[in-house]
Amino acid sequence: MFILTVIKLLLIALNIFPSRFTNRRILFVIYMTNLVTHVMMDEPRFAQPIPNVTVAVGRDANLPCVVEHLGGYKVAWIHIDRQMILTIHRHVISRIPRYSITYTDNTWLLHVNQAHQDDRGYYMCQVNTNPMISQVGYLQVVVPPNILDIESTPSSVAVRENQNINMTCRADGFPTPKIIWRREDGEEIAVEKKKKVLVYDGDVLPLTKVSRNEMGAYLCIATNGVPPSVSKRIILDVEFSPMIWVPNQLVGAPSGTDVTIDCHTEAHPKAIIYWVYNSVMVLPSKKYKTDYTENSYRAHMKLTIRNLQYGDFGNYRCISKNSLGETEGSIRVYEIPLPSTPSKQVTHTTVESRENNIIPSSRNDTTKSLQTDVGYAMKNDLYPGSASSSSGPGGSASAASSSSSTSMQTSALPGGASGNSLSALGGSSKGTLAIGKSMFYTERPPNEYSSSVAGLMPLHRELLLLLLSCWLTLGAGIYLAIRL
């Protein structure tokens, strides 16, 4: 505008003064040129624009305004958003003490100490020329993220197993923070039935049909590019009644040895775990050693029984109890007999035979003789005359056999009664009575065979014990093979 005015004056001057005044015209042009140049060089102007400044809340910010050829003019700073004059020349007009002004080398520096969010906005540097000249810069005040505990899920939250829960995390800051979720142990988060992610974005973390495996610490992290990022730790407790798993429900060990039994239990809230034997709680002692290892909601309980004796064999119960329920597991401890060597068994049998004056090889013959005599006596009682009905060369042998059988029966009856055996036993001649009474001879043999039967009983008992020992040893071997 100023330049156009000068040009207009030059044209007017040329129209006023004719061409005959050439020298004067030249002198006038030279004068006007010098005047315009002088005026333009002395007029205030901005040497550079005001930069946009970004500062974190609570930090100091500086806005520069560089003015050349200020002369007698003055510089003022204005906060446009507040419509507030801050400074004029070297004086602070605002009542906010955080604002100040300094001047060095044509630079007017506006200081904003401990910037607040209200200080964000446009700032104008103005020179009171006519017309006024000004330029604008922007002050950005950023705020680090801050988690709002009042609007977020508490630091610890509990839920029953197989129920749903939504965990919330709210944060403020400028720019608006971004919320992400992750598990502290690095495991995946099951946000849907078939979808698992390591990181979940969003203010709300939905968990459906929560299982005990999802128990643990979750981290809510808020970021907006302004350091530092912040996080909140939320512990999710999944509550359920106790459960027990017994690895070995049947444990065998020989007498005089130590044995260890164990149970695994899971429960939350934390359960009370202990051992019971014969309805009495097992306490640590010289006889018993207890060991408990816990990891989160899991626990491993062990019981060591020292120097097993006869009274230590039986059922032991491991019990787990919390506020939601109680459960138990049962373990049976049985004795494994130590097998005896074959040489000792043969020696024992030989000694026993000598004490009873019986040769082992003749025992079967004695037993067979006893069974033949008893059976023959029963036959005579049931079928009279059957012994003499045989004809031919074997008739005498049959008679002799019948004679000896009759004498055996007579001596065997109580009180030494003579005559027919059936009449001596009860007097009835019915077959059922004869068969029933014949059992008398198998349970209580006649006196003449008492020594032989007495010699047979220890051998039978020894054979039974040997068979029982072999059966138990074979069963324990099969059980151990299956477990391995």
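Remember, predicted model here, so these are calculated numbers, not experimental data.

What counts as what
Residues numbered from 1 in each chain as written. Predicted model: local features only at pLDDT ≥ 70, side-chain atom pairs only at ≥ 80, totals over all residues. Heavy atoms only, no water. Helix = DSSP H or I, 4+ residues; strand = E, 2+ residues; numbered from the N terminus. Buried < 20%, exposed > 50% of the residue type's maximum accessible area, 1.4 Å probe, protein only. Contact = heavy atoms within 4.5 Å. Areas by Shrake-Rupley, 256 points an atom, 1.4 Å probe, with all protein chains shown as cover. Pairing = 2+ DSSP bridges. Phe/Tyr/Trp six-rings, centres within 6.5 Å; stacked < 30°, edge-to-face > 60°. Disulfide = S-S within 2.5 Å. Axes fitted to C-alpha atoms, helices over the stretch in contact; angles between N-to-C directions.

Q: Lay out the overall build of the protein chain with the relevant residues and their values.
A: Secondary structure summary: the protein chain contains 8 helices and 28 strands in total. For the protein chain, with 484 residues in total, the buried portion stands at 34%. For the protein chain, long-range pairs separated by at least 24 residues make up 62% of all intrachain contacts whose partners lie at least 6 apart in sequence. Within the structure as shown, the protein chain displays about 29,600 Å² of accessible surface, and the carbon and sulfur contribution to it stands at 56%.

Q: Outline the pairing of strand β18 (residues 204-207), listing residues and values.
A: Residues Leu205 and Leu207 of β18 are buried on one face, while the alternating residues Val204 and Pro206, pointing to the opposite face, are not. Bridge analysis of strand β12 (residues 165-168) against β18 gives 4 bridges, and the strand direction is antiparallel. Paired with Thr168 across the strands is Val204, a residue of β18.

Q: Can you explain the environment of Val53? Please cite residues and give values.
A: With respect to the helices, strands and loops of the structure, Val53 is situated in strand β2 (residues 53-56). With 85 residues separating them in the primary sequence, Val53 and Tyr138 have C-alpha atoms 6.3 Å apart. Residues contacting Val53, with those up to four places away along its chain left out, are Ala61, Asn62, Leu63, Tyr138, Leu139 and Gln140.

Q: Tell me what's going on with the packing of aromatic side chains, and back it up with residues and numbers.
A: For the structure on display, the rule yields 4 aromatic pairs. On the numbers, 4.3 Å between centres and 40 degrees between planes, the contact of Tyr103 with Trp108 is tilted. The partly exposed category is assigned to Tyr103, whose relative accessible area is 29%. Overall, the relative accessible area of 2% leaves Trp108 in the buried class. With centroids separated by 4.7 Å and ring planes inclined at 70 degrees, the aromatic side chains of Tyr122 and Tyr138 adopt a geometry described as edge-to-face. Pair noted here: Tyr122 is in strand β9 (residues 121-127) and Tyr138 is in strand β10 (residues 133-147), with a separation of 16 residues, a long-range link. Overall, Tyr122 belongs to the partly exposed group, its relative accessible area being 44%.

Q: Would you mind going over the state of the cysteines in detail, with residue names and values included?
A: For the coordinates displayed, the defined rule picks out 3 disulfides. Covalently, Cys169 is tied to Cys220 through a disulfide, its sulfur atoms 1.7 Å apart. The S-S bond linking Cys169 to Cys220 shows a torsion near -65 degrees; that makes this disulfide left-handed. Taken together, the residues Cys169 in the loop between β12 and β13 (171-174) and Cys220 in strand β19 (residues 216-223) connect sequence positions 51 residues apart.

Q: So what's going on with the sheet that holds strand β8 (residues 107-112)? Which residues, and what values?
A: One open sheet accounts for 4 strands, arranged β1-β3-β8-β7; its pairing is antiparallel. If you trace the sheet from one side to the other, it starts and ends with β1 (45-48) and β7 (99-104), each paired once. Strand after strand, the sheet turns through a mean of 30 degrees between neighbouring axes, direction not considered. As paired elements, β7 and β8 share 6 bridges and run antiparallel to each other. In the sheet register, Thr104 faces β8, and the bridge partner there is Thr107.

Q: Tell me about the sheet that holds strand β28 (residues 325-335), and name the residues and values.
A: Spatial strand order, β21-β28-β27-β23-β24: 5 strands in an open sheet with mixed pairing. Strands at the two margins of the open sheet, each flanked by one partner only, are β21 (250-253) and β24 (280-281). Bridge count between strand β23 (residues 272-277) and strand β27 (residues 314-322): 6 bridges; the pairing is antiparallel. Of the residues in β27, the one forming a bridge with Trp275 is Cys318.

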